[in-house]
Amino acid sequence: MSPDPLRAARLSRRTVLAGTAGAVGALALPGVASAAPVDWSRAVVDSTMKRHTPATLGGWGYTRGLYLYGQYLVYRRTGEKSYLDYILAWYDRFVTESGISNNFTNLDAMRSGQMFPLLYTETGQAKYKTAADQLRARFPSYPRTSDGGMFHATSRVGQLWADGVYMAQPFLALYGKTFGDAAYCYEEAAKNVSVYFDRLKEPAKGLLYHAYDEDGSEPWASGPGRHSKFHWGRAIGWLGMTAIDLLEILPCDHPRRRRLVDVVKFLAAGYTRWQDKASGRWFQVVDRGGDKDNWLETSASAMYTFLLSRAVERGYLGAEYRPVAAKGYRGVLSQVSTGTDGLTDISNISEGTNVGDTAYYYARKRNTNDFHGLGAFLIMNEQLAH
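Definitions and cut-offs
- Residues numbered from 1 in each chain as written.
- Predicted model: local features only at pLDDT ≥ 70, side-chain atom pairs only at ≥ 80, totals over all residues.
- Heavy atoms only, no water.
- Salt bridge = Lys/Arg side-chain N within 4 Å of Asp/Glu carboxyl O.
- Helix = DSSP H or I, 4+ residues; strand = E, 2+ residues; numbered from the N terminus.
- Buried < 20%, exposed > 50% of the residue type's maximum accessible area, 1.4 Å probe, protein only.
- Axes fitted to C-alpha atoms, helices over the stretch in contact; angles between N-to-C directions.
- Parallel < 35°, antiparallel > 145°, perpendicular 65-115°, else oblique.
- Left-handed = near helix turned anticlockwise from the far one by under 90°.
- Contact = heavy atoms within 4.5 Å.

## Examining the pattern of salt bridges
Move 1: Counted according to the given criterion, the structure contains 25 salt bridges.
Move 2: Of the charged contacts in the structure, one is a salt bridge between Glu297 and Arg234, with a shortest N-O distance of 3.8 Å. Within this pair, whereas Glu297 is found in strand 8 (residues 296–297), its partner Arg234 is found in helix 9 (residues 233–249), the two being separated by 63 residues in sequence. Side by side, Glu297 and Arg234 carry an identical accessibility label, which is buried.

## A closer look at unusual backbone geometry
Trans peptide bonds make up most of the peptide bonds, and negative phi angles are found at most residues other than glycine.
Move 1: The backbone of Arg226 sits at a positive phi, close to 55 degrees, despite the residue not being glycine.
Move 2: Within the secondary structure layout, Arg226 lies in the loop between strand 6 (211–213) and helix 9.
Move 3: Accessibility expressed as a relative area gives 27% for Arg226, which makes it partly exposed.
Move 4: Phi at Asn348 takes a positive value of approximately 60 degrees, unusual for a residue other than glycine.
Move 5: Tracing the sequence through the fold places Asn348 in the loop between strand 10 (344–346) and strand 11 (349–350).

## With respect to the packing of helix 2 (residues 40–51) against helix 4 (residues 81–91)
When two helices pack together, their arrangement is given by the angle between their axes and by how far apart the axes lie.
Move 1: Where helix 2 contacts helix 4, the two axes come as close as 12 Å, and the packing angle between them is 50 degrees. By the angle between their directions, the pair helix 2 and helix 4 is classed as oblique. Where helix 2 crosses over helix 4, the two elements pack in a sense that is left-handed. Counted together, Arg42, Val45, Asp46, Thr48 and Met49 of helix 2 and Ser82, Tyr83 and Tyr86 of helix 4 form the full contact between these two elements.

Laid out in structure tokens, this is it:
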């Protein structure tokens, strides 16, 4: 019998990264010789659950949905029932037997819906399918640009923000797979990634601009491409993770798979070019590392590292990208620490961010334990360490 190529790829990836995880794990336990590597995913989830009950975690919004999706990945690996119970308790604040009451007037409001098909599969409870159906029903009438890109929000007419594809398209693809609606869902999700990519790409740098405005009426959208002017790190990370998530779902013969792989290759080359050589991380504005006010940002670094590792594992990228992922992983782990309270902290995470200039991006708060970073870290760490 021939060996499983995905298993071989994962084993190879772990060989490269084992030294990193082991070294950091040992450092977390001073005075203990040959300490086993710390399970940083468990540490982050356990710490977050101690800091917040499901009732105090926060309201409906994409950051909580991002984080809880990461926690779900840890639950799937560990089988720790309390992790799933916590997720269900938060979702049950919003989902009833009648589904969910939400007009979904922006893509951000859709991200937490990624869990609806997963929770239905886990529990068999009809209310999660009802909520998923309600979100799915929003897509045909949701406003789009002339080339089919979903507006970032109904109030932001004609605007595509790189963040937006991750908020809606992974749900749509997963809904299609789970509930037998593949024809519409796969095509629409993959098409949106292509539309966003075409409007935002900067081939000379291998990066994406943050946003695009179809009629060019926004002050930040002047110029022939009608896009913003700067390459904000996390926006690029959102789109890259979307491409990877869709490739996990679309069948091998789907006509849009090749384009998604091309997106991944484009971004991987850009990530490699602009990775900070000293830290292994990436800057808030990716291509302007020499600016004195720019700073290395953790959530985007985790997203880039995830894409590189998964893409090598799946064969979309060659082995030459593996050391780039390993270096990124070491860089992100350098931002993880244990406080005097015994809880895990992740630092240098940008707060939520609109479209702006360099001064605006550089001035964003550098938060600790911001949910953008906690969620991105869990997605990355489950890929690289487990």
